[in-house]
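Chains, contacts and geometry: an overview
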Amino acid sequence: MASRVMWASRVASYLRISIFLGGFSTVIKDLKYSDTHEWVKVDGSSATIGITDHAQVIFIFWISEVVYVELPEVSATVAQGKGFGAVESVKATSDVNSPVSGEVVEVNSELTGSPGLINASPCIPRVDWTQQYTNGWIVKVKMGDTGELNSLMDSEQYSKFYEEEDAKH
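Residues numbered from 1 in each chain as written. Predicted model: local features only at pLDDT ≥ 70, side-chain atom pairs only at ≥ 80, totals over all residues. Heavy atoms only, no water.

Things to note about unusual backbone geometry
Our working definition: Secondary structure is summarised from DSSP: a helix means a run of H or I of at least four residues, a strand means a run of E of at least two, and numbering begins at the N terminus for each.
One non-glycine residue, His37, lies in the positive phi region at around 70°. Tracing the chain through its elements places His37 in the loop between strand E1 (32-33) and strand E2 (38-43). Even without a glycine there, the phi angle at Ser75 is positive, about 85°. Examined against the element boundaries, Ser75 turns out to sit in the loop between strand E4 (66-70) and strand E5 (77-78).

A few points about the nonpolar core
Selection criterion: Among buried residues, those of type Ala, Val, Leu, Ile, Met, Phe, Trp, Tyr and Cys that are joined through side-chain atoms within 4.5 Å constitute a nonpolar core. The rule is simple: take the accessible area with a 1.4 Å probe, protein chains only, and divide by the maximum for that residue type; under 20% is buried, over 50% is exposed, in between is partly exposed. In this description, contact between two residues means that some pair of their heavy atoms is separated by no more than 4.5 Å.
Ile49, Phe84, Val100, Ile118, Ile138, Val139 and Val141 are the most contacted members of the largest nonpolar core, which has 22 residues in total. Once residues lying within four places of it in the same chain are set aside, the contact partners of Val100 are Ala47, Ile49, Val78, Ala79, Gln80, Val141, Met143, Glu148, Leu149 and Leu152. With eight residues, the next largest nonpolar core counts Ile28, Leu31, Tyr33 and Trp137 among its residues.

So, the environment of Glu165
Here Glu165 is to be found in helix H5 (residues 155-167). For Glu165, a relative accessible area of 22% puts it in the partly exposed group. As for Glu165 and Asp35, which are separated by 130 residues in sequence, their C-alpha atoms are 9.9 Å apart.

Considering a nonpolar patch on the surface
Convention followed: What makes a patch is a set of residues exposed beyond 30% relative accessible area and free of salt bridges, joined within 9 Å when like-charged and within 5 Å when nonpolar (Val, Leu, Ile, Met, Phe, Trp, Tyr). Accessible surface is estimated by sampling points in the Shrake-Rupley manner with a 1.4 Å probe; for residues, cover comes only from the protein chains shown. Only one rule defines a salt bridge in this text: a Lys or Arg side-chain nitrogen within 4 Å of an Asp or Glu carboxyl oxygen.
Where nonpolar side chains cluster on the molecular surface, the patch consists of Val67, Tyr68 and Val90 and spans about 300 Å² of accessible area. Position of Tyr68 among the secondary structure elements: in strand E4. Here Tyr68 falls in the partly exposed class, since its relative accessible area comes to 44%.

Observations regarding the sheet that holds E4
The cut-off we apply is this: When DSSP locates at least two bridges between a pair of strands, those strands are taken to pair. Lines fitted to C-alpha atoms define the axes here, with helix axes fitted over just the stretch in contact, and angles between the N-to-C directions of these axes take values from 0 to 180 degrees.
On the basis of which strands lie adjacent, the open sheet formed by three strands has the order E4-E6-E7 and antiparallel pairing. The two strands at the open ends of the sheet, each matched to only one other strand, are E4 and strand E7 (93-97). Strand-to-strand twist in this sheet, taken as the mean axis angle between neighbours without regard to direction, amounts to 20°. Relative to E7, strand E6 (residues 83-89) runs antiparallel, the two sharing five bridges. If you follow Val87 over to E7, its bridge partner there is Ser94.

Have a look at this one:
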(Lines give C-alpha, C1' and ligand atoms only; values in the text may rest on other atoms or scores of the structure.)
Protein backbone atom coordinates (compact mmCIF):
# COMPACT_ATOMS: atom_id res chain seq x y z
CA MET A 1 0.00 0.00 0.00
CA ALA A 2 2.76 2.48 0.91
CA SER A 3 4.49 1.84 -2.42
CA ARG A 4 1.24 2.63 -4.25
CA VAL A 5 0.96 5.92 -2.40
CA MET A 6 4.58 6.77 -3.19
CA TRP A 7 3.99 5.90 -6.84
CA ALA A 8 0.82 8.03 -6.92
CA SER A 9 2.69 10.87 -5.23
CA ARG A 10 5.48 10.74 -7.85
CA VAL A 11 2.98 10.61 -10.72
CA ALA A 12 1.01 13.51 -9.26
CA SER A 13 4.21 15.51 -8.85
CA TYR A 14 5.22 14.79 -12.44
CA LEU A 15 1.80 15.78 -13.72
CA ARG A 16 1.68 18.75 -11.34
CA ILE A 17 -1.58 17.64 -9.75
CA SER A 18 -2.41 16.85 -6.16
CA ILE A 19 -3.65 13.56 -4.78
CA PHE A 20 -5.99 13.08 -1.87
CA LEU A 21 -4.10 11.73 1.11
CA GLY A 22 -6.90 12.18 3.63
CA GLY A 23 -7.92 8.55 3.46
CA PHE A 24 -4.61 7.64 5.08
CA SER A 25 -5.05 9.92 8.09
CA THR A 26 -6.18 8.76 11.49
CA VAL A 27 -8.68 10.89 13.42
CA ILE A 28 -9.28 9.93 17.05
CA LYS A 29 -12.80 10.45 18.42
CA ASP A 30 -11.85 11.61 21.92
CA LEU A 31 -9.68 14.50 20.74
CA LYS A 32 -10.41 18.07 19.68
CA TYR A 33 -8.88 19.55 16.52
CA SER A 34 -7.89 23.00 15.25
CA ASP A 35 -8.14 24.27 11.68
CA THR A 36 -4.34 24.52 11.65
CA HIS A 37 -4.08 20.74 12.22
CA GLU A 38 -3.20 20.48 15.89
CA TRP A 39 -4.92 17.99 18.20
CA VAL A 40 -5.83 18.39 21.86
CA LYS A 41 -6.38 15.67 24.43
CA VAL A 42 -8.24 17.12 27.40
CA ASP A 43 -7.98 15.85 30.97
CA GLY A 44 -9.77 18.28 33.29
CA SER A 45 -8.00 21.62 32.86
CA SER A 46 -4.94 19.98 31.30
CA ALA A 47 -4.51 19.87 27.52
CA THR A 48 -1.95 17.70 25.72
CA ILE A 49 -1.17 19.12 22.27
CA GLY A 50 0.39 17.68 19.12
CA ILE A 51 0.11 17.91 15.35
CA THR A 52 -2.49 15.82 13.57
CA ASP A 53 -1.89 12.71 11.55
CA HIS A 54 -3.22 14.56 8.50
CA ALA A 55 -0.61 17.31 8.89
CA GLN A 56 2.09 14.65 9.26
CA VAL A 57 0.99 12.82 6.11
CA ILE A 58 1.28 16.04 4.14
CA PHE A 59 4.58 16.95 5.83
CA ILE A 60 6.17 13.56 5.15
CA PHE A 61 4.96 13.17 1.56
CA TRP A 62 5.41 16.72 0.33
CA ILE A 63 8.22 18.03 2.46
CA SER A 64 10.20 15.23 4.20
CA GLU A 65 11.05 13.76 7.58
CA VAL A 66 11.00 15.92 10.71
CA VAL A 67 14.55 16.76 11.83
CA TYR A 68 13.95 19.40 14.53
CA VAL A 69 11.14 20.46 16.85
CA GLU A 70 11.21 23.89 18.49
CA LEU A 71 9.70 23.66 21.96
CA PRO A 72 8.54 26.48 24.24
CA GLU A 73 9.86 26.88 27.77
CA VAL A 74 7.96 25.38 30.69
CA SER A 75 5.87 28.17 32.29
CA ALA A 76 5.56 30.03 28.97
CA THR A 77 2.12 31.43 28.21
CA VAL A 78 0.44 30.27 25.00
CA ALA A 79 -2.57 31.87 23.32
CA GLN A 80 -5.24 30.16 21.26
CA GLY A 81 -4.42 30.39 17.55
CA LYS A 82 -0.92 31.74 18.14
CA GLY A 83 2.37 29.98 17.44
CA PHE A 84 4.38 28.46 20.25
CA GLY A 85 6.91 26.35 18.35
CA ALA A 86 7.83 24.84 15.02
CA VAL A 87 8.42 21.55 13.25
CA GLU A 88 11.33 21.56 10.81
CA SER A 89 12.43 19.28 8.00
CA VAL A 90 15.45 19.59 5.74
CA LYS A 91 13.22 21.42 3.23
CA ALA A 92 10.81 23.57 5.28
CA THR A 93 9.58 24.74 8.64
CA SER A 94 5.97 24.72 9.81
CA ASP A 95 4.68 26.68 12.81
CA VAL A 96 2.80 24.89 15.55
CA ASN A 97 -0.14 26.90 16.89
CA SER A 98 -1.81 26.45 20.23
CA PRO A 99 -5.44 25.36 20.03
CA VAL A 100 -6.00 26.62 23.61
CA SER A 101 -4.67 29.38 25.86
CA GLY A 102 -2.84 28.72 29.07
CA GLU A 103 0.50 27.98 30.71
CA VAL A 104 2.93 25.35 29.45
CA VAL A 105 3.40 22.89 32.32
CA GLU A 106 5.42 20.26 30.45
CA VAL A 107 7.22 19.84 27.15
CA ASN A 108 8.04 16.55 25.45
CA SER A 109 11.82 16.80 25.87
CA GLU A 110 12.19 13.45 24.07
CA LEU A 111 11.55 15.38 20.83
CA THR A 112 14.83 17.26 21.27
CA GLY A 113 16.89 14.12 20.70
CA SER A 114 14.32 12.21 18.64
CA PRO A 115 12.21 14.65 16.59
CA GLY A 116 10.90 11.74 14.52
CA LEU A 117 8.73 10.76 17.51
CA ILE A 118 6.37 13.48 16.34
CA ASN A 119 5.61 11.21 13.40
CA ALA A 120 5.85 8.02 15.48
CA SER A 121 5.43 5.83 12.44
CA PRO A 122 5.73 7.94 9.29
CA CYS A 123 5.13 5.17 6.77
CA ILE A 124 1.61 4.87 5.46
CA PRO A 125 -0.32 2.87 6.47
CA ARG A 126 0.69 3.37 10.09
CA VAL A 127 1.63 0.25 11.96
CA ASP A 128 0.82 1.76 15.34
CA TRP A 129 -0.83 5.16 15.06
CA THR A 130 -1.37 5.32 18.83
CA GLN A 131 2.35 6.10 19.27
CA GLN A 132 1.75 9.51 17.72
CA TYR A 133 -0.64 10.39 20.52
CA THR A 134 1.34 8.79 23.36
CA ASN A 135 4.95 9.57 22.34
CA GLY A 136 4.61 12.34 19.76
CA TRP A 137 2.83 14.99 21.82
CA ILE A 138 4.55 18.38 21.96
CA VAL A 139 3.35 20.24 25.08
CA LYS A 140 0.98 19.99 28.00
CA VAL A 141 -0.86 23.16 28.90
CA LYS A 142 -2.88 24.16 31.96
CA MET A 143 -5.83 25.79 30.23
CA GLY A 144 -6.88 29.25 31.31
CA ASP A 145 -10.33 29.02 29.71
CA THR A 146 -11.83 25.60 29.01
CA GLY A 147 -14.58 27.37 27.10
CA GLU A 148 -12.10 27.76 24.22
CA LEU A 149 -12.60 24.05 23.54
CA ASN A 150 -16.02 24.92 22.11
CA SER A 151 -14.34 26.63 19.14
CA LEU A 152 -12.43 23.45 18.22
CA MET A 153 -13.68 20.63 16.01
CA ASP A 154 -14.62 17.14 17.08
CA SER A 155 -13.42 14.14 15.04
CA GLU A 156 -16.31 14.19 12.57
CA GLN A 157 -16.03 17.93 11.95
CA TYR A 158 -12.26 17.69 11.53
CA SER A 159 -12.50 14.77 9.07
CA LYS A 160 -14.96 16.74 6.96
CA PHE A 161 -12.80 19.87 7.25
CA TYR A 162 -9.60 18.29 5.94
CA GLU A 163 -11.42 16.39 3.20
CA GLU A 164 -12.89 19.67 1.95
CA GLU A 165 -9.52 21.37 2.33
CA ASP A 166 -7.80 18.62 0.32
CA ALA A 167 -10.45 18.80 -2.40
CA LYS A 168 -9.54 22.47 -2.99
CA HIS A 169 -5.94 21.55 -3.86
